[in-house]
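Structure assessment
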Amino acid sequence: MTTAIYPGSFDPVTVGHLDIIRRAAKLFDKVIVAVLVNMEKEPWFTIEERMRLLEKATAGISNIEIAGFEGLLVDFAAQRSASAIVKGLRAVSDFEYEFQMALTNRKLDDSIETVFLTSNAENMFLSSSIVKQVGLLGGDISTFVPEEIKEDILLRIKQRSRQK
Ligand code: PNS
């Protein structure tokens, strides 16, 4: 059985992430979506909330597991017997950072391959930060996030707008 890890902050999950998850789920027997527990920047959503949103958004895909992780990604991948790390590449601007992470991870554990997938062209610009920025400024984010979690995101945008 081939298992892949798709890691990220997912603060929150976007339609771009979901597109990569769907594509990875077709390539691997099992995909573990690994949510970074301790983020450098203060997240909008707690680890439990980020995992719950991912569970809701991926409910229709059978070979997906949502898990939290701390520490080195390669250690988590080894613990879960994963043979690949899946990353989404959007634009050329992602490349340098992703290349650095892929080579670092290879240096740390040569048995785990990083596999880059590209999302739909219409999602190329999208990130969790864009969702939060547009939402806070009153823009329409309905096509940026999975339909199943739209109301959760709008509620958090409302709460954050009040705090400003
Ligand atoms: O969604 P993000 O914030 O781009 O995800 C970044 C993530 C979680 C993939 C990255 O921060 C990560 O792999 N963190 C684990 C720490 C680690 O293994 N570092 C060494 C590789 S550079």
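The structure we're discussing is the one just above.
The following refers to the structure shown. Note that the structure is a prediction, hence the values are computed from the model and not measured. (Residues numbered from 1 in each chain as written. Predicted model: local features only at pLDDT ≥ 70, side-chain atom pairs only at ≥ 80, totals over all residues. Heavy atoms only, no water.)

1. Describing the site of the ligand
Lining the immediate environment of the ligand, one finds P7, G8, S9, L36, F69, G71, L72, L73, K87, M101 and N105. In this structure, an oxygen atom belonging to the ligand sits 2.5 Å away from a side-chain N or O atom of S9. Note that an oxygen atom of the ligand is positioned 2.8 Å from one of the backbone N or O atoms of L73. Its free accessible area being 550 Å², the ligand has 70% of it covered by the protein chains. (Near = heavy atom within 4 Å. Polar contact = N/O pair within 3.5 Å; in protein donor to acceptor, adjacent residues only side chain to side chain. Areas by Shrake-Rupley, 256 points an atom, 1.4 Å probe, with all protein chains shown as cover.)

2. Description of the nonpolar core
Among the nonpolar cores identified, the biggest contains 35 residues, and Y6, V33, L54, I64, V86 and I153 are the most heavily contacted of them. Contributing elements (two or more residues each) for this core: β1 (3–8), α1 (15–27), β2 (30–36), α2 (47–57), β3 (64–69), β4 (84–89) and α6 (150–163). If near-sequence neighbours (up to four positions away) are discounted, I153 is found in contact with P12, F45, L53, V131, I141 and V145. Of all hydrophobic cores here, the second largest spans twelve residues; its members include A34, L73, V74 and F76. (Core = buried A, V, L, I, M, F, W, Y, C linked by side-chain atoms within 4.5 Å. Buried < 20%, exposed > 50% of the residue type's maximum accessible area, 1.4 Å probe, protein only. Helix = DSSP H or I, 4+ residues; strand = E, 2+ residues; numbered from the N terminus. Contact = heavy atoms within 4.5 Å.)

3. Re the pattern of salt bridges
According to the stated counting rule, one finds twelve salt bridges in the structure shown. In this structure, the salt-bridge partner of D19 is R23, at a minimum N-O distance of 3.1 Å. Note that D19 and R23 are positioned in helix α1 at a spacing of four residues, about one turn of the helix. The shortest N-O distance in the salt bridge between R106 and E113 comes to 3.1 Å. In this structure E113 comes out as partly exposed when scored by relative accessible area, which is 39%. (Salt bridge = Lys/Arg side-chain N within 4 Å of Asp/Glu carboxyl O.)

4. What to know about α2
For α2, the set of buried residues is I47, R50, M51, L53, L54 and A57. When α2 is viewed along its axis, its buried side chains cluster within an angular range of 160 degrees and face the same direction. In this structure, the buried side of α2 is in contact with α1, β2, β3 and α6. (Arc of directions from axis to C-beta.)

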